[in-house]
Amino acid sequence: MKCETFEAWLEREGPAPPERMPEEVATHHRACPRCRALLEEELFWGRFFAAAPAVAPPGPMWPGVAAGIEKWMERAESFSSALVRVGLRLVPVFAVVLLLLGAAAIWSGSALGLREPALSIASLADDPSARPGPPNEEPDTILDRWVGAAGE
Amino acid sequence: MARAEEERGWVRRAREGDPGAYRLLVERYQSRIYRLVARILGQGHEGIEDVAQEVFVKAYFSLKKFREDASFGTWVYRIAVNQSRDTLRREPGTIPLDEVASQESVEALRGLLRPSDSQEGDPPGRSEGLRALVGRAVAGLPERMRVVVTLKDMEGFSYQDVSRILRCSVGTVKSRHARARERLRKALSPYVPDLLGRKSHEV
């Protein structure tokens, strides 16, 4: 057995006195001073932490936990009912705001409707020359001007 | 296995709103959670009971978020660690070891190095002193190291379990654990000089 295997065993199984080790581990432990020291240290820490003060709850915790849960639920309920109360108070405010917005939209729409359009369909029907469209020139003339051959 | 199955049943029922099932879970874990909180906060801390109760209250309201890829125990331990850490962050500060290192406790500590010397015959005052010394030595560790030492050395979890509870890698846990041991060695070395010589054997 190698030291690494011994260390892995120690980590897996926890420190145990040599008499409780499997034969292979015990053989390595007897032969290797480093692993002996390692085990000794682990046993020391085991005893050290075992001497830690015993801690136990003073009594059953459920009554306190149940009270805590209830308190949270009450708080959540009072929060949500407060939210509902505030919401109910805000409903008329929102309604008024919506009415005002609607009225403003209607007013601005009708204000736009009063303006004279720049180009009405009726005027186009009366005067076709006012219709926007391509320039009144031959395409070849336009192309010649574009390539600069107009004067040649 | 039956125990785990039974626990899953309680969790399911508690999720559905059965307070009786949640009560069974609280009763199963109350001692362990209380002990863990006490060891992280340090004994004598006034808020141990409140924090432990708060852990179960939080767990109750978070049950819907609990995915059953870990056991309820691991999950509630995680909540307890986080809750204790939050409490510590609000009130930092540790007490130096030499405030409690009485002559009796130092002698008892030295006795731990000699396993052949039985502790059974120690006078009660000496054992009390040793307990206080151990408690204070652990409480003197920085919070992250203390949590690892508490889970690994005092609660007996494996490195893998600790890494699951703390949601960090096994390597991180091992590193924090080794540093914690080193700190403890240094803190205790004035009283047990032999201990410092053991450093070289650290894995």
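This text goes with the structure placed above it.
The present account deals with the structure reproduced in this document. Keep in mind that this is a model prediction, so the values were computed, not measured. (Residues numbered from 1 in each chain as written. Chains lettered and ligands numbered in written order. Predicted model: local features only at pLDDT ≥ 70, side-chain atom pairs only at ≥ 80, totals over all residues. Heavy atoms only, no water.)

Our focus in this paragraph is the overall build of chain B. Looking only at helices and strands, one finds nine helices and zero strands in chain B. The helix and strand sequence of chain B, counted from the amino end, reads α-α-α-α-α-α-α-α-α. A buried classification covers 49% of the 203 residues belonging to chain B. Long-range pairs, those at least 24 residues apart, make up 62% of the contacts in chain B between residues at least 6 apart in sequence. When the accessible surface of chain B is split by element, carbon and sulfur atoms take 47% of a total near 10,100 Å². (Helix = DSSP H or I, 4+ residues; strand = E, 2+ residues; numbered from the N terminus. Buried < 20%, exposed > 50% of the residue type's maximum accessible area, 1.4 Å probe, protein only. Contact = heavy atoms within 4.5 Å. Areas by Shrake-Rupley, 256 points an atom, 1.4 Å probe, with all protein chains shown as cover.)

The tally for this structure, following the rule as stated, stands at 18 salt bridges over all chains. Residue Glu155(B) is joined to Arg39(B) by a salt bridge in which the shortest nitrogen-to-oxygen separation is 3.4 Å. On the criterion of sequence distance, the pair formed by Glu155(B) in the loop between helix H7 (143-154) and helix H8 (159-166) and Arg39(B) in helix H2 (residues 19-41) is long-range, its members being 116 residues apart. Each of the salt bridges in this network shares a partner with another, and the network as a whole consists of Glu41(A), Glu182(B) and Arg185(B). (Salt bridge = Lys/Arg side-chain N within 4 Å of Asp/Glu carboxyl O.)

A word on helix H3 (residues 33-50) of chain A. In this model, H3(A) (18 residues) spans 25 Å end to end at C-alpha, consistent with the 26 Å of a helix rising 1.5 Å per residue. Where H3(A) is concerned, the buried positions are Cys35(A), Ala37(A), Leu38(A), Leu39(A), Glu41(A), Glu42(A), Phe44(A), Trp45(A), Phe48(A) and Phe49(A). (Expected span 1.5 Å × (residues − 1).)

All right, on to the interface of chain B and chain A then. Accessible area lost upon the coming together of the parts serves often as the stated size of an interface. Taken residue by residue, the interface counts 43 residues in chain B and 30 residues in chain A. Here chain B meets chain A over a buried area of about 3,600 Å², counting both sides, of which 70% is carbon and sulfur. Counting the contacts that link chain B with chain A gives three salt bridges. Among the ionic pairs, Glu42(A) bridges to Arg181(B), the shortest N-O distance being 2.9 Å. Joining chain B to chain A, the criterion identifies five residue pairs in polar contact (both at pLDDT 80 or more). Elements that contribute at least two residues to the side of chain B that touches chain A include exactly H2, helix H3 (48-61), helix H5 (103-113), helix H6 (124-139), H7 and helix H9 (170-188) of chain B. Among the elements that take part in the side of chain B that touches chain A, H2(B) stands out by supplying ten residues, more than any other. Each residue belonging to the side of chain B that touches chain A can be placed in one class, and the counts come to 25 nonpolar, six polar and twelve charged. (Buried area = accessible area lost by both parts, 1.4 Å probe. Polar contact = N/O pair within 3.5 Å; in protein donor to acceptor, adjacent residues only side chain to side chain. Nonpolar A, V, L, I, M, F, W, Y, C, P; charged D, E, K, R; others polar.)

On the surface, Arg144(B), Arg179(B), Arg183(B) and Lys186(B) cluster together to form a positively charged patch. Take Arg183(B): it is sitting in helix H9. (Patch = residues over 30% accessible without salt bridge, like charges linked within 9 Å, V, L, I, M, F, W, Y side chains within 5 Å. Lys, Arg positive; Asp, Glu negative; His and termini not counted. Charge placed at Lys NZ, Arg CZ, Asp CG, Glu CD.)

Let us look at the packing of H7(B) against H8(B). Residues and elements named next belong to chain B. Contact pair H7 / H8: the axes reach a minimum separation of 9 Å and the direction vectors enclose 135°. Between H7 and H8, the angle is such that the two are oblique. Crossing handedness for the pair H7 and H8: right-handed. Together, Val-147, Val-148, Leu-151 and Lys-152 of H7 and Tyr-159, Val-162, Ile-165 and Leu-166 of H8 make up the contact between the two elements. For the contact of H7 with H8, the class distribution of residues is seven nonpolar, no polar and one charged. (Axes fitted to C-alpha atoms, helices over the stretch in contact; angles between N-to-C directions. Parallel < 35°, antiparallel > 145°, perpendicular 65-115°, else oblique. Left-handed = near helix turned anticlockwise from the far one by under 90°.)

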